[in-house]
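Coordinates in review
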Amino acid sequence: MTQPLLSVRNLTKLYGPRIGCADVAFDLYPGEVLGIVGESGSGKSTLLSCLAGHQTPDTGKVIFETAQGPRDVLQMAEPDRRRLGRTDWAYVHQNPRDGLRMGVTAGGNVGERLMAVGARHYGDIRDKATDWLGRVEIAADRIDDRPRQFSGGMQQRLQIARNLVTGPRLVFMDEPTGGLDVSVQARLLDLLRGLVRDLGLSVIIVTHDLAVVRLLAHRLMVMKSGHVVEQGLTDQVLDDPQHGYTQLLVSSILQV
Amino acid sequence: MTDQAYNFAYLDEQTKRMIRRAILKGVAVPGYQVPFASREMPMPYGWGTGGVQVTAACLTPEDTLKVIDQGADDTTNAVSIRKFFQRTAQVATTEATSEATVIQTRHRIPEAPLTKDQILVYQVPIPEPLRFLEPRETETRKMHSLEEYGLMHVKLYEDIARHGAIATSYAYPVKVEGRYVMDPSPIPKFDNPKLSNSPALQLFGAGREQRIYALPPFTHVVSLDFDDHPFEPSKAPHDCDLCGAGESYLDEVITDDQGGRMFVCSDTDFCRTRREEGHVGRLGEPQFSSKKIANSFEGICAPEEAAE
Ligand SMILES: Nc1ncnc2c1ncn2[C@@H]1O[C@H](COP(=O)(O)OP(=O)(O)OP(=O)(O)O)[C@@H](O)[C@H]1O
Ligand SMILES: [Mg+2]
Ligand SMILES: [Zn+2]
């Protein structure tokens, strides 16, 4: 039987007296896409940033299946965790400005992770960057433009290319389609779906948007006030919600 | 107020001890930026207060001090720092690289090989080589401590993407003993090879930024590059017009308003020494003894002065 890629237990993060997220537990298997939904303030971003090591939770375990076997990420030394962050892991921010270097060309943005893991051949770096720009549907002749000269959708696609270029196994995404026009969202979703399928990525994706999870996520976790109130296969949760809050959430989108 | 009101070399002993501790730490961890409590000096920051404080902490009454700015001993900046230490430390001064025991410099490494009896003190405006792409100090400190230097190559990548070659020609980043990435201060990259394996002690002081770092003698220093765009220490493809040197770093000097120009050694002591040894360049005069580039122009226009 395959091991989970990521095993989360008992994860709690408090902001003083306020709950960020509480007692979260789940397993993520290789190649799986887990959606996290919930209203604003329900703890989705807090959970994601604790998983990715950007914040330190108060309690819990985050066990990742590394090349050397399962390791609790929270117990790792910081250099090891940061190394994980630029090799096996990737993090796509909602706002491309948080995930891109705005003063650096598209090629430099994509090449940074390659250089961070030791690439020292300019021609190779540029070839890989060109290839990845193509995969996210950015024309090769934009390689020397800065992200500022790109539309919001292009910036987000550039951020995805920059993250995926080193072949990560686990991708965290916080509202990757938020803040984009509906038609741009749809195109980005198609692209993401293709990449996830072609690369066999494991993904944890946070979103408000049930349409996004329906399209991308194999499994779904519903959060409210920092707690996971329901989780299961996406279709099951959406078509036959058990928890009252999930029922509300599902019905509110059906009304649209 | 008389000069006697100052402690030797201006700074009080406690401050000098504090600076020496930072220097020792820098020597112990080559290329690492050591924070220190920079003092107000009686000159503006742009005038090399970091270098001045390091020099003050190193000087002994027996020292002979040389101060250069862009290779020249006679610029306003170099002259005023030299005068400052003549007044506050009464040390001997010199323009001859070989006679100096402490050399404070801005923007150059002397051409003459340094020895184990010399200390070279650099004035540093911005000590952080990663600042260009990562303005957050907390983040750059972490990058240094975790040896995360991918960003440094992003800077070089950007150079090649924009200019077709690594266009960085000053403050060209180096890696020290395979560990810390360091800004060698705005010396031309032509000087970078001289950073490595020097018998002299090299100290770097940044006043406004409150950092000191060091290269102990015989430290291995490598300029960063790409496999397919190797580092090249370039200079103008000319010989010095005064002394004929083919291997020294040259300044281009406009000589008249008809577009006349000449290339001269930026290291004025090196150039003078060569001319005194009898070397003559395209526009030079034999046995030139003037100390100053400015005088050398007069020399060209008025040969009788050159014979003095
Ligand atoms: N840095 C912080 N300091 C204090 N409280 C915080 C902080 N960040 C988040 N919180 C609180 O933690 C709770 C969860 O916030 P979080 O940002 O994780 O929610 P979210 O589900 O991502 O919301 P949204 O959909 O609006 O992005 C909220 O009550 C929020 O106010
Ligand atoms: Mg959020
Ligand atoms: Zn010369």
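Rules and cut-offs
Residues numbered from 1 in each chain as written. Chains lettered and ligands numbered in written order. Predicted model: local features only at pLDDT ≥ 70, side-chain atom pairs only at ≥ 80, totals over all residues. Heavy atoms only, no water. Domains from an automatic or database assignment. Contact = heavy atoms within 4.5 Å. Buried area = accessible area lost by both parts, 1.4 Å probe. Salt bridge = Lys/Arg side-chain N within 4 Å of Asp/Glu carboxyl O. Nonpolar A, V, L, I, M, F, W, Y, C, P; charged D, E, K, R; others polar. Phe/Tyr/Trp six-rings, centres within 6.5 Å; stacked < 30°, edge-to-face > 60°. Helix = DSSP H or I, 4+ residues; strand = E, 2+ residues; numbered from the N terminus. Buried < 20%, exposed > 50% of the residue type's maximum accessible area, 1.4 Å probe, protein only. Expected span 1.5 Å × (residues − 1). Arc of directions from axis to C-beta.

**Quick word on the domain arrangement of chain B**
Residues and elements named next belong to chain B. The domains assigned to chain B are domain 1 (3-223) and domain 2 (250-307). When each unit is reduced to the centre of its C-alpha atoms, the spacing between domain 1 and domain 2 is 29 Å. The partner domain 2 presents 10 residues to the 13 residues of domain 1 that form the contact. Between domain 1 and domain 2 lies a buried interface of about 800 Å² when both sides are counted; carbon and sulfur atoms form 40% of it. The three residues of domain 1 that bury the most area against domain 2 are Asp-74, Glu-95 and Glu-111, which together make up 51% of that side's buried surface. If you look at where domain 1 meets domain 2, you find one salt bridge. Measuring nitrogen to oxygen at the nearest pair gives 3.5 Å for the salt bridge that ties Arg-272 to Glu-95. Here the side of domain 1 that touches domain 2 is composed, by residue class, of four nonpolar, three polar and six charged.

**Considering the packing of aromatic side chains**
The geometry of two aromatic rings is summed up by the distance between their centres and the angle between their planes. For the structure shown, the criterion picks out 12 aromatic pairs over all chains. Ring geometry for Trp-89 of chain A versus Phe-172 of chain A: centroids 5.2 Å apart, planes at 75°, classification edge-to-face. A residue pair is termed long-range when its members are at least 10 positions apart, and Trp-89 of chain A in strand β6 (residues 89-92) and Phe-172 of chain A in strand β7 (residues 170-174) qualify at 83 residues. Here Trp-89 of chain A matches Phe-172 of chain A in class, with each residue buried. Ring geometry for Tyr-172 of chain B and Phe-231 of chain B: centres 4.8 Å apart, planes at 65°, overall edge-to-face. Note that Tyr-172 of chain B is positioned in the loop between α5 (150-163) and β6 (174-176) and Phe-231 of chain B in the loop between β10 (221-223) and β11 (250-254), a separation of 59 residues in sequence.

**A short note on helix α3 (residues 76-89) of chain B**
Count 3.6 residues to each turn of an α-helix, and residues three or four apart come out pointing the same way. Residue and element names in this part refer to chain B. Look at α3: 19 Å from first C-alpha to last across 14 residues, which is about the 20 Å you get at 1.5 Å a residue. All of the buried residues along α3 are Asn-77, Ala-78, Ile-81, Arg-82, Phe-84, Phe-85, Thr-88 and Ala-89. Around the axis of α3, the buried residues are gathered within 155° of arc, so they sit on the same side. Structural note: α3 exposes Thr-76 and Lys-83 on the side pointing more than 90 degrees away from its buried face. Those residues of α3 hidden inside the fold are in contact with α2 (49-58), β2 (64-69), β3 (92-93), β4 (102-106) and β5 (119-123).

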